[in-house]
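Remarks on the overall topology
Here is what each chain is made of, one letter per residue.
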Amino acid sequence: NAGVTQTPKFQVLKTGQSMTLQCAQDMNHEYMSWYRQDPGMGLRLIHYSVGAGITDQGEVPNGYNVSRSTTEDFPLRLLSAAPSQTSVYFCASSSSGAGNYGYTFGSGTRLTVV
Amino acid sequence: GDSVTQMEGPVTLSEEAFLTINCTYTATGYPSLFWYVQYPGEGLQLLLKATKADDKGSNKGFEATYRKETTSFHLEKGSVQVSDSAVYFCALSASGSGAGSYQLTFGKGTKLSVIP
């Protein structure tokens, strides 16, 4: 009964470093998304995927890469971390898009870039 | 594009008080509407949803009615508890089968604190 699992929970990076935020779901969901949450901004979509091998950009994709080689995993890569990427990152999945059932969210990764 | 506007917080209420958090939206067609709740240190949880006009979503004593004529989806609870203290997000997903139907557009969130 894991749902959506995100690792790590906390991370501190130096400017210019790269890293990958991991996201895995065990519900066989087709749709997966990455959001970032910033104070006073709500959640904003970074990238999403409608199935293995298919990804697309959301509202704020710059500085991030994604790939979807399996149904279960949807990692988010920060290519060269910047202080503006300090945020809480949430991965989410859904069986049929957002409309019917909404999304199941992970518990988040709190990233600080110094 | 689509957008969601919800009342600014924070909101502080005494236990057993009535809660209303206003939410209005801008979207074409008939989007699906959601309320999510985020407890401290946790991810978002779906609280309730409505997929067509005049639908009422309800869960854990919370209710919201999809009002197409006023493009609103206000969250209400008759008697709040300390355990309801959290951040509440209104969200929508576009109708149809395009990219918008895969995505959630969120409001900025409303922090609720309930004091004994």
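Refer to the structure presented above.
Summary of the structure given here. In this text the structure is predicted, and so the values were computed from the model without any measurement.

1. Focus on the sheet that holds strand E3 (residues 19–25) of chain A
All names here are of chain A.
- Reading across the sheet, the 4 strands line up as E1-E3-E8-E7 and stay open at both edges, with antiparallel pairing between neighbours. Since the sheet does not close on itself, it has two edges, and those belong to strand E1 (4–7) and strand E7 (64–66), each with one partner. The sheet shows a mean angle of 20 degrees between the axes of neighbouring strands, taken without regard to direction.

2. Re the packing of aromatic side chains
- For the coordinates displayed, the defined rule picks out 11 aromatic pairs over all chains.
- Summarising the aromatic geometry, the rings of A:Phe105 and B:Tyr36 are spaced 5.5 Å apart at their centres and angled 80 degrees between planes, so their arrangement reads as edge-to-face. Note that A:Phe105 is positioned in strand E10 (residues 104–105) and B:Tyr36 in strand E5 (residues 32–38), a pairing that runs across two chains.
- Judged by its relative accessible area of 0%, B:Tyr36 is buried.
- Each ring, one from B:Phe34 and one from B:Tyr36, has its centre 6.1 Å from the other, and the planes form 40 degrees; the classification is tilted.
- We classify B:Phe34 as buried; its relative accessible area is 0%.
- Among the aromatic residues, those joined into a cluster by ring pairs are A:Tyr35, A:Phe90, A:Phe105, B:Phe34, B:Tyr36, B:Phe89 and B:Phe106.

3. A few points about the environment of B:Ser93
Residues and elements named next belong to chain B.
- Among the secondary structure elements, Ser93 is positioned in strand E10 (residues 86–93).
- For Ser93, a relative accessible area of 0% translates into the label buried.
- Spatially, the C-alpha atom of Ser93 lies 11 Å from that of Gly29, the residues being 64 residues apart in sequence.

4. Structural notes on the sheet that holds strand E9 (residues 75–77) of chain B
Residues and elements named next belong to chain B.
- Taken together, the 4 strands give an open sheet; going across it, the order is E3-E9-E8-E7, and neighbouring strands pair in antiparallel fashion. At either end of the open sheet lies a strand with only one pairing partner, and these are strand E3 (19–21) and strand E7 (56–59). Recorded for the sheet is a direction-independent mean angle of 15 degrees between the axes of neighbouring strands.
- Note that strand E8 (residues 62–65) and E9 share 3 bridges and pair antiparallel. Paired with Glu63 across the two strands is Glu76, which belongs to E9.

5. Comments concerning the interface of chain A and chain B
- Taken residue by residue, the interface counts 22 residues in chain A and 21 residues in chain B.
- Connecting chain A to chain B are 0 salt bridges.
- Put simply, the parts of the chain that give the side of chain A that touches chain B at least two residues each are strand E4 (31–38), strand E5 (42–51) and helix H1 (98–101) of chain A.
- Element by element, the count of residues in the side of chain A that touches chain B is highest for E5(A), at 5 residues.
- Classifying every residue of the side of chain A that touches chain B gives 12 nonpolar, 10 polar and no charged.

Reading guide: rules and limits
The numbering scheme is per chain: residues are counted from 1 as the chain's sequence reads. Both sets of labels track the order of writing: A upward for chains, 1 upward for ligands. At least 70 in pLDDT is required for a residue's local features to be given in this predicted model, at least 80 for side-chain atom pairs to be given and counted, and no such filter applies to totals for whole chains, interfaces and linings, which use all residues. To get the side-chain values, all heavy atoms of the structure are used, and hydrogens and water are removed first. Only strands that DSSP links by at least two bridges are regarded as paired with each other. The helix and strand labels rest on DSSP assignments: H or I over at least four residues marks a helix, E over at least two residues marks a strand, and numbering proceeds from the N terminus. Only the stretch in contact is used when a helix axis is fitted, and all axes are lines through C-alpha atoms; the angle between N-to-C directions ranges over 0 to 180 degrees. In this analysis, rings of Phe, Tyr and Trp, with Trp reduced to its six-membered ring, are considered paired at centre separations within 6.5 Å, and the interplanar angle assigns stacked below 30 degrees, edge-to-face beyond 60, and tilted for intermediate values. A 1.4 Å probe rolled over the protein chains alone gives each residue an accessible area, and that area as a share of the maximum for its type sets the label: buried under 20%, exposed over 50%, partly exposed in between. For this analysis, residues touch if any pair of their heavy atoms sits within 4.5 Å. By salt bridge we mean one thing: a side-chain nitrogen of Lys or Arg within 4 Å of a carboxyl oxygen of Asp or Glu. Residues are grouped as follows: Ala, Val, Leu, Ile, Met, Phe, Trp, Tyr, Cys and Pro are nonpolar; Asp, Glu, Lys and Arg are charged; every other residue, Gly included, is polar.

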